[in-house]
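# Coordinate inspection notes
If you want the building blocks of each chain, they are given just below.
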Amino acid sequence: MPTIIILHTYIFILGAVLGSFYNVVGLRVPIKKSIAYPGSACPVCNKKLSAVELIPILSYLFQNGQCRNCKTSISPLYPSMEFLTAILFTISPLMVGWSKELVIAWTLISLCMIVMVSDLKYMIIPDKVNVFFLFLFLGERLFIPTDPWWDPFAGLVIGTLVPLIIILVSRGGMGGGDMKLLAVFGLALGWKLVLISFFLATLIGTVVGIIGMMMGFIQKGKPFPFGPFLVIGALISYFFGNDLIQLYITYFFPYFY
């Protein structure tokens with residue numbers, strides 16, 4: 001038991017550190033800035049951050065969410081993504097087991113966190129991010145195949161065609177970045193789960209949109225980022241999609257069960 005606790009602690013720390021890096025990627029790649037140079041600095045006073053100020057999650061808490069130099073409030077997006085990445089990395093072995101599939105899970109989480117940051121900040125899902133993870137998932141699925149082996153490739157096709165049809169019919173109801181992201185998700189999820197992820201994303205996005213308009217946070221006819229909902233749908237589908245399918249069959253088609 002102590003060994004498992006230590007191992008999960010290490011994974012949590014790794015997830016937090018990677019979450020900090022994914023913040024950088026999500027914030028810099030859409031505006032075509034290097035993810036390596038220059039180093040992190042306060043966007044207001046431009047003071048370069050010290051090592052103490054770059055500790056994931058803890059730096060934000062110890063500094064009361066403010067820059068140490070100019071006292072400007074720091075966006076809670078940074079620690080939120082660090083903490084969420086750490087939690088998701090930590091629970092992944094509990095969900096998929098200590099198997100090769102864990103690599104897929106962590107890769108999917110990584111993509112999701114970068115997309116969350118970039119789409120929330122700029123309403124952009126960069127092509128560079130989609131292409132990078134497309135080839136990464138292709139390589140991983142060669143060594144971590146599914147049963148049947150063609151399922152990820154069917155997921156890629158379905159993940160491309162479904163949003164493409166919606167874009168053509170609605171003449172812009174979805175963005176091209178959303179379509180490409182769903183296609184990449186298809187490689188990780190397979191065709192059944194990518195359909196479920198899209199359904200969940202649409203359902204959650206619709207509910208949030210209606211509530212947001214009622215409360216005045218969202219203006220009717222004004223676009224809002226759909227990427228975070230695709231992320232939520234993909235993660236729920238990946239970890240719980242097969243259970244949802246089984247539950248649906250059991251309750252609505254019991255004679256097939």
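Since the structure is predicted, the reported quantities are computational estimates derived from the model, not experimental observations.

Quick notes on the rules
- Residues numbered from 1 in each chain as written.
- Predicted model: local features only at pLDDT ≥ 70, side-chain atom pairs only at ≥ 80, totals over all residues.
- Heavy atoms only, no water.
- Salt bridge = Lys/Arg side-chain N within 4 Å of Asp/Glu carboxyl O.
- Helix = DSSP H or I, 4+ residues; strand = E, 2+ residues; numbered from the N terminus.
- Buried < 20%, exposed > 50% of the residue type's maximum accessible area, 1.4 Å probe, protein only.
- Contact = heavy atoms within 4.5 Å.
- Lys, Arg positive; Asp, Glu negative; His and termini not counted.
- Phe/Tyr/Trp six-rings, centres within 6.5 Å; stacked < 30°, edge-to-face > 60°.
- pLDDT = per-residue confidence, 0-100.
- Core = buried A, V, L, I, M, F, W, Y, C linked by side-chain atoms within 4.5 Å.
- Expected span 1.5 Å × (residues − 1).
- Axes fitted to C-alpha atoms, helices over the stretch in contact; angles between N-to-C directions.
- Parallel < 35°, antiparallel > 145°, perpendicular 65-115°, else oblique.

The full count for this structure, using the stated rule, is three salt bridges. Notably, a salt bridge pairs Asp127 with Lys180, separated by 3.0 Å at the nearest N-O pair. Highlighted residues: Asp127 in helix H5 (residues 127-143) and Lys180 in helix H7 (residues 176-189), separated in sequence by 53 residues. Given a relative accessible area of 42%, Asp127 falls into the partly exposed group.

For the rest of this paragraph, the subject is the environment of Phe137. Mapped onto the secondary structure, Phe137 falls in helix H5. Separated by 38 residues in sequence, Phe137 and Ser99 place their C-alpha atoms 16 Å apart. Setting aside its immediate chain neighbours within four residues, Phe137 contacts Ile104, Thr107, Leu108, Leu111, Val184, Leu187 and Ala188.

Here we take up unusual backbone geometry. Between Tyr37 and the following residue, Pro38, the backbone shows a cis peptide bond with an omega angle of -5°. At the junction of Asp147 and Pro148, the peptide bond is cis and its omega measures out at 5° in the coordinates. Tracing the backbone through its elements, the reader meets Pro148 in the loop between H5 and helix H6 (151-170).

Once that is clear, we can look at the side chain of Arg28. Take Arg28: it is sitting in helix H1 (residues 2-28). Despite being buried, Arg28 has no salt bridge partner; Glu82 is the closest side chain of opposite charge, sitting 12 Å away. In this view, Arg28 contacts Lys33, Ser34, Ile35, Ala36, Tyr37, Pro38, Gly39 and Ser40; residues no more than four positions away in its chain are not counted.

Another aspect to go through is the packing of aromatic side chains. Here the structure, examined in full by the defined rule, presents seven aromatic pairs. Centre to centre, the rings of Tyr238 and Phe239 are 5.1 Å apart; their planes meet at 80°, and the pair counts as edge-to-face. When sorted by exposure, Tyr238 lands in the same class as Phe239, which is buried.

On to the confidence of the model for the protein, then. Taken over all residues, the pLDDT of the protein has a mean of 90, while the share at 70 or more is 96%. Element-level mean pLDDT values for the protein span from 90 in helix H9 (residues 227-252) up to 97 in helix H4 (residues 101-122).

Here the focus is the nonpolar core. Of all hydrophobic cores here, the largest spans 49 residues; its most connected members are Leu108, Leu111, Phe137, Phe185, Leu189, Leu230 and Leu235. Elements represented by at least two residues in this core include exactly H1, helix H3 (77-96), H4, H5, H7, helix H8 (191-215) and H9. Setting aside its immediate chain neighbours within four residues, Leu111 contacts Val129, Phe133, Phe137, Leu181, Val184 and Phe185.

Turning our attention to H1. Along an α-helix, a turn takes 3.6 residues, which lines up residues three or four apart on a common side. Over its 27 residues, H1 extends 39 Å from the first C-alpha to the last, a length consistent with the 39 Å expected when each residue adds 1.5 Å. His8, Ile11, Gly15, Ala16, Gly19, Tyr22, Asn23, Val24, Val25, Gly26, Leu27 and Arg28 are the residues of H1 that are buried. For H1, the elements touching its buried residues are H3 and H4.

Bringing the packing of H3 against H9 into the picture now. Their axes nearest at 11 Å, the elements H3 and H9 cross at an angle of 30°. The orientation of H3 relative to H9 falls into the category roughly parallel. The residues of H9 that touch H3, namely those facing Leu88, Ser92, Met95 and Val96, are Leu235, Tyr238, Phe239 and Phe240.

With 20 residues, H6 extends 28 Å between its outermost C-alpha atoms, agreeing within 8% with the 28 Å of an ideal straight helix rising 1.5 Å per residue. Those residues of H6 that fall on the buried side of the exposure criterion are Asp151, Pro152, Ala154, Gly155, Gly159, Pro163 and Ile167. Against H5, H7 and H8 lie the buried residues of H6. Taken from the residues just after H6, Arg171 is the one with a positive phi, measuring 55°.

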